[in-house]
Amino acid sequence: MSLKARIIPCLDVKDGRVVKGISFVDLVDAGDPVEAAIAYDGAGADELCFLDITASSDNRGIIFDVVRNTAEHCFMPLTVGGGVRELADIRKLLNAGADKVAINTTAVKNPDFVASAADKFGNQCIVISIDAKCVSGEGEQKRWEIFTHGGREPTGIDAVEFAIKMVEKGAGEIMLTSMDRDGRKSGYDLALTRAIADAVPIPVIASGGVGTLDHLVEGIRDGHANAVLAASIFHFGTYTIGEAKRYMNDNGIPMRLN
Amino acid sequence: MKTVIIDYGSGNLHSAAKAFERARRDSALDGEIIVTDKPDIVAECDRVVLPGVGAFADCHAGLEAVDGMEEALQDAVVNQAKPFFGICVGMQLMATRGLEKITTPGFDWISGDVVEIRPQDKHLKIPQIGWNTLDIVNNHQMLEGIKTGPNGLHAYFVHSFHLEASNNNEVVARCDYGGPVSAIVARDNMFGTQFHPEKSQKLGLALIANFLRWNP
């Protein structure tokens, strides 16, 4: 099998600017998502992900320009998520240059939306973004519940069951974020990642919690994910994409190195 | 030289157009890259690109919905033998039939059906999403200067179906995904890739540049 595991840097974009901070050495303007995308493209990232966290609906349109400008300079796959509510939103993102669209809250509220989106645009471009949190007590069998609205609202829905349901509706990929681990740099929630990756026939992207290169290796090897997503370790220059890919490759995970 | 990218309502036209524009500029080639849904513009072009994202049947229906487009395409590619580049579902449409969801006729330029990929290793996920290398079955002019094979450049795939060609001599390259999967097919002036050259960085831009220079 010569398909490689993927490293996906993720940029949170608010009102057209990268937030959460980014400090590449050779960037003129660290807050510009297009410049960041170009830097990652040059560094050998396997895909890019933009999450639009713009709060006001007035500024929702800005992300289309960001995607369009990125597609002008970067000839690599691009996933865009955040605020996808209608089929027209997906159409506009794809026309601007996105390859895949990540759907979160709308998929929970209206699972049939996923079915119509997959029918219209193909399963391969529908990524279901799941934010999950462990809700089982100590000593209990592990259970995770999904949260919506950027992780603020509990739903009472079991994460594994929801992932299976999304596959039935036509999802092509799952982007799985552990809310317990996000931003903590203690590694992915491997039990969660493996529970979902083993339960679904579609690729899973592990997200939330990367602090070291070993965490990336674990996400694929132990979490059974097909791709690993990370933000701060790359944004702040702790590691380069190249270092991460070589490290993973040296630790038994075939990566694209050219 | 005019290269048209056919717009029939199937995604990612912007990135395809930009990649062709970039490859043209980088190779210092003259000419224009035009995105169009007008059959008469297809009729007067020199090269034709058919992108496509989504399901075979939907893409076929989308193409049929543009009045006169399928006729213009057949005339340009079959009668006038203009260089043709099909991308992803645009490549799959070159087949005899598509078997995704329902059975739909293709252009029948490459004899064979578009069928679901079924990796022998049951742990492999469908769709195949990501970067894979190309194993060359029959060398092709379009691959000139591009390093292929297990240590070669990678191409970006995102698909659940592939074109199973009846004639081995119409397969240019395969990739390995729990078994052989069609990556490139070709015949005469027709060339198609299952992967996305417009998303395949170095390999993709080199392939597009070769297409813009190709004299089949």
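Scroll up to find the structure.
Residues numbered from 1 in each chain as written. Chains lettered and ligands numbered in written order. Predicted model: local features only at pLDDT ≥ 70, side-chain atom pairs only at ≥ 80, totals over all residues. Heavy atoms only, no water.

(A) Spotlight on the interface of chain B and chain A. The interface is formed by 38 residues belonging to chain B together with 40 residues belonging to chain A. For the pair chain B and chain A, the summed buried surface comes to about 3,200 Å²; carbon and sulfur atoms form 51% of the total. Our count for the contact surface shared by chain B and chain A stands at three salt bridges. Note that Lys18(B) is salt-bridged to Glu72(A), the shortest N-O span being 3.8 Å. In this assembly, chain B and chain A are joined by 21 residue pairs in polar contact (both at pLDDT 80 or more). Elements with a contribution of two residues or more to the side of chain B that touches chain A: helix 1 (13-26), strand 8 (128-133), strand 10 (154-159) and helix 6 (201-213) of chain B. Element by element, the count of residues in the side of chain B that touches chain A is highest for strand 8 of chain B, at six residues. Split by residue class, the side of chain B that touches chain A holds 13 nonpolar, 17 polar and eight charged. (Contact = heavy atoms within 4.5 Å. Buried area = accessible area lost by both parts, 1.4 Å probe. Salt bridge = Lys/Arg side-chain N within 4 Å of Asp/Glu carboxyl O. Polar contact = N/O pair within 3.5 Å; in protein donor to acceptor, adjacent residues only side chain to side chain. Helix = DSSP H or I, 4+ residues; strand = E, 2+ residues; numbered from the N terminus. Nonpolar A, V, L, I, M, F, W, Y, C, P; charged D, E, K, R; others polar.)

(B) Focus on the pairing of strand 6 (residues 126-134) of chain A. Residue and element names in this part refer to chain A. Across the nine residues that make up strand 6, a large majority, seven, are buried. Note: strand 5 (residues 100-103) against strand 6, three bridges, orientation parallel. Its bridge partner lying in strand 6, Val 101 is registered against Ile 126. Judged from the six bridges that link them, strand 6 and strand 9 (residues 173-178) form a sheet pairing that is parallel. In the strand pairing of strand 9, Ile 130 is matched with Leu 176. Looking at chain direction, strand 6 and strand 7 (residues 144-148) are connected through four bridges and run antiparallel. Note on strand 7: the bridge partner recorded for Ala 132 is Ile 146. (Buried < 20%, exposed > 50% of the residue type's maximum accessible area, 1.4 Å probe, protein only. Pairing = 2+ DSSP bridges.)

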